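# Reading the structure
Residue-level listing of the chains:
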Amino acid sequence: MAPQFIEGNEAVAMGAMRAGCGFFAGYPITPATTILNAMLRLLPAASGVCIQGEDEIASIGYCLGASMSGLKSMTATSGPGISLYSEQISFAAGSEIPIVIVDVQRLGPSTGSATRGADGDIQFLRWGNSGGIPVIVLAPVDVKDCYLLTIHAFNLAEEYRCPVFLASNKEIGMTKESVDLSALMVPEIIDRRPPIDSASFQPFQVSENLRIPYFLPIGGDVPVRQTSSTHGPDGYITTDPDQISASQWRLKKKLEDAVERFTFYDERAEDAETLVITYGVTARAAGDAANLCRQAGRPIGLLVVKTLWPVPEKLIRDKTAPYRRVVVVEMNLGQYVHEIRRILSDRQVEFYGQMDGRLITPATIMEVIDGR
Amino acid sequence: MADSLLNKDRPPVFCPGCSHDRITGALDKAFRKLGLPGNRIAIVSDIGCSGLFDTFFHTHALHGLHGRALTYAAGIKLARPQLQVVVTMGDGGQGIGGAHLLAACRRNLNLTLLVLNNFNFGMTGGQFSVTTPPEARVSSGFLNRLERPLDICRVAHSAGAAYVKRCSSYQSGLADEIAEAIAFDGFALLDIWGICPGRYIRQNPLTPKIIAEKMATMPPADGIVEENQRREYGSLYRQAAGEQTFSQPESIAQRFQPPSNGRHEILLLGDAGQRIISAGEVLCLAGMSAGLQATQKNEYNITVLRGPSISEVILSNEPIGFTSLARPDIVIALSREGVERRQSLFADLQPQTLILKSLDTNIPPCAGATQALDFKKLGVKPADRALAALAVLAKNGTIIDTDMLRVALRLRFSEKILASVLELVDRVQSRS
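These figures come from a predicted structure and were not determined experimentally. (Residues numbered from 1 in each chain as written. Chains lettered and ligands numbered in written order. Predicted model: local features only at pLDDT ≥ 70, side-chain atom pairs only at ≥ 80, totals over all residues. Heavy atoms only, no water.)

### Side note on the overall build of chain A
Across its full length, chain A carries 12 helices and 15 strands. Its C-alpha atoms give chain A a radius of gyration of 21 Å, near enough to 21 Å, the size a compact globule of 372 residues would have. Buried positions account for 64% of the 372 residues belonging to chain A. Partitioning the intrachain contacts of chain A with sequence separation of at least 6 by distance along the chain shows that 76% fall at a separation of at least 24. (Helix = DSSP H or I, 4+ residues; strand = E, 2+ residues; numbered from the N terminus. Rg over C-alpha atoms; globule rule 2.2 N^0.38 Å. Buried < 20%, exposed > 50% of the residue type's maximum accessible area, 1.4 Å probe, protein only. Contact = heavy atoms within 4.5 Å.)

See the structure below:
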């Protein structure tokens, strides 16, 4: 097929449809509103449900109910809405409810600037839930990524039963590009797994070989329990410290131990001194800067991280090893650089951040590389 | 009657004398009367003593965050229309979840809300809730004396609830009341008054008799609310959704060769209402009709009909990375506010940059070649200025030509508007 001219938010909606999304609820907020608009255009006509919630807390609440009833569910907002989602995100993480949450980031803090971009929510997405349980965060660079990573996000939510965030940005979500989505290799669609024997089903039963519980929907033949309280395998409150501890560690390890299975990234390896690490829309400027550096006869390496959380530690260790110098560039005052510094604790990691509503330019990145 | 759905392994754990015990029994009896098996029911609860209900029954169950039960319940009901969804919340939940109560009343999705109203926060130590009378002595000190309590039934009535009834936990026939509410096809609310022996009655006299007397003084809330009768939301939704048609963004096939190769950056500076964003999109579609790649980054204030409007367009036969423009090849300058927003960029413009500006827009001194457009003389309205500038650009023919522009306009505009924009292009090109 020939290319279409679409923005990142529209591609998110199209990716959701491709992944089998059956339920969307959202509350209008710039710059995420056009995802709600697009879902409203796509989902009801495909026998799904798309509603506008009375607020953000309700919107994600609707999604959690629908997801527990067996529908793949998604919601979309920006920073102020993520703040309101927080308690429900904790519920989804702790009670293993699959959901895709799109954060089209805008300049903060607080209500900030509705129509200016930033990547200011990167640590917030990871740590914005009570209890500190890990989540998955994927960061698109362009419209193509918005489509593909949304499909991956649904797959990961289904497979690992957890909230999966798409950390988009006004400058991706509301920027239009020519792109031929039909020419892309789309991953195989994954669905949550029902138990082999539903008669003995326990909603949070796991075993040596089964780290993620099987799923049966609310509304099916077998009564199913879901709870936000600290629970045992049967879905009832437990006070048994051993059971609680095992469950908490499992929630952590089921994602952190598996990250190599879903470590998405782009790289431009070069026989060079300097490696630039970045993510999101800044990767576009970094790509242009890398081209200009090569043309100037002093190439740089580039690593674009697309799985931000859990941190792909092996990737970062392996890819930085050949370079003498590591420079992290991000559209905030320094967030993901803390992870890179933690992993490369024996090395000097340089940083450039900017949060003023403008994109970081290729020229600025070149100046940073040149140490100016 | 059908079998009891009570969970024998998990008997109620309420304080001795708690009215919630009676409601638990009545709810089970209501399920039995309706002949509902456990897998046809979902009990949704949230925080507080009312949040224990989901554990007493062999049904589907979801227990979530304080005040949010109605949100989960709505998601479940929309996903599973055949399920009977019963929500238990306390009077506390009506306060923290007030927006969800109003939404549920307005929407009329077929949910049953049982408000277990005992006039205080029992679980956290007897603080005042939205229904605590001002004269009550509760653990919030003097604070409840300063506020008026809410009549949940009146709120629900005025918010559009189709079924609202005030009940006592102690009245005979409570199970029938619950069964009737569950059987109602729409949002049904029972405000069930009761006694919290653990907290409330320690300092406040409250007996079944006092509850009955007090209820008799309240405005009537006796089930079906005639003025709010209408079709149930779920069935309405499914009907309306079934009439929607699926539309995908159009694919843009290449049908022309581009007038020139390489990368072109075009900056449109104007005001809201000049169709700057639409013109930027038309430019991209024109480029795509000649097989070029395109990006469009926009900037405007959140006040839609006022303020500057800026579109940054890149057309290229190479993949496009960075989407903002530092040194545009073309600047279309149509308003003072738009120019001011990008003031600093003019100093860096190259001599080969073409600036198409409206006669009444001043630009800072720069090296670019300027062509002033007299829109008044051309008979171009403010809303058509940006499209008129594209007509001039197409006539110029370096980046797009008129065939490309016409195809793009056909892609972008509906039949109704198309004739006028095509005429605009003809008019501007013949006179400029």
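That shown, we press on.
### With respect to helix α14 (residues 415–431) of chain B
Note on helix geometry: an α-helix contains 3.6 residues per turn, so any two residues three or four positions apart are oriented the same way. Residue and element names in this part refer to chain B. The terminal C-alpha atoms of α14, which comprises 17 residues, lie 25 Å apart, in line with the 24 Å expected from a rise of 1.5 Å per residue. Within the sequence span of α14, burial applies to L418, V421, L422, L424, V425, R427, V428 and Q429. The secondary structure elements touched by the buried residues of α14 are α11 (375–378), α12 (385–396) and α13 (402–412). (Expected span 1.5 Å × (residues − 1).)

### Looking at the environment of B:S251
Within the element layout of this structure, B:S251 appears in the loop between α8 (233–242) and β8 (263–271). Note on B:S251: relative accessible area 26%, which makes it partly exposed. If we skip the residues at most four places from it in the chain, B:S251 touches A:M1, A:A2, A:P3 and A:Q4. Among the polar contacts listed, one links the side chain of B:S251 to the backbone oxygen of A:A2, at a separation of 3.4 Å. (Polar contact = N/O pair within 3.5 Å; in protein donor to acceptor, adjacent residues only side chain to side chain.)

### Topic: the side chain of A:E96
All names here are of chain A. For E96, the location among the structural elements is in the loop between α4 (79–94) and β5 (99–105). One polar contact links E96 to K254, side chain to side chain, over a distance of 2.9 Å. Apart from the residues within four sequence positions on either side, E96 is in contact with F91, R161, F204, P213, R250, L251 and K254.

### Focus: the sheet that holds strand β4 (residues 111–117) of chain B
Spatial strand order, β9(A)-β2(B)-β1(B)-β3(B)-β4(B)-β6(B)-β5(B)-β7(B): 8 strands in an open sheet with mixed pairing. Both outer strands of the open sheet, β9 (225–227) of chain A together with β7 (222–224) of chain B, are each paired with one neighbouring strand and no more. Neighbour-to-neighbour, the strand axes of this sheet turn through a mean angle of 15 degrees, independent of strand direction. Of the strand pairs in this sheet, strand β1 (residues 41–45) of chain B and strand β2 (residues 60–63) of chain B are connected by 4 bridges, and their pairing is parallel. In the sheet register, B:S45 faces β2(B), and the bridge partner there is B:H63. (Pairing = 2+ DSSP bridges. Axes fitted to C-alpha atoms, helices over the stretch in contact; angles between N-to-C directions.)

### As for the packing of helix α3 (residues 56–68) of chain A against helix α2 (residues 69–79) of chain B
Contact geometry for α3(A) and α2(B): axes closest at 6 Å, N-to-C directions at 45 degrees. As judged from the angle between their axes, α3(A) and α2(B) are oblique. Here the hand of the crossing between α3(A) and α2(B) comes out right-handed. Contacts between α3(A) and α2(B) involve A:A58, A:G61, A:Y62, A:L64, A:G65 and A:A66 from the former and B:L70, B:T71, B:Y72, B:A74, B:G75, B:I76 and B:A79 from the latter. (Parallel < 35°, antiparallel > 145°, perpendicular 65-115°, else oblique. Left-handed = near helix turned anticlockwise from the far one by under 90°.)

### Remarks on the interface of chain B and chain A
Contacts between chain B and chain A engage 63 residues on the former and 68 residues on the latter. Buried surface at the junction of chain B and chain A, summed over both partners, amounts to about 5200 Å²; 56% is from carbon and sulfur atoms. Together, B:H60, B:R80 and B:F322 form the three largest contributors to the area buried by chain B at its contact with chain A, with a combined 12%. Note that A:D234 and B:R10 form a salt bridge whose closest N and O atoms lie 3.5 Å from each other. Where chain B packs against chain A, one counts 32 residue pairs in polar contact (both at pLDDT 80 or more). Looking at the side of chain B that touches chain A, the elements that each hand over two or more residues are β2, α2, α4 (98–107), α8, α9 (276–289) and β9 (293–300) of chain B. When the residues that make up the side of chain B that touches chain A are grouped by side-chain class, the tally is 29 nonpolar, 24 polar and 10 charged. Pairing of β9(A) with β2(B) involves 3 bridges; the strand directions are parallel. Bridge pairing in β2(B) places A:R225 opposite B:A61. (Buried area = accessible area lost by both parts, 1.4 Å probe. Salt bridge = Lys/Arg side-chain N within 4 Å of Asp/Glu carboxyl O. Nonpolar A, V, L, I, M, F, W, Y, C, P; charged D, E, K, R; others polar.)

Any functional reading would require information beyond the geometric quantities listed.
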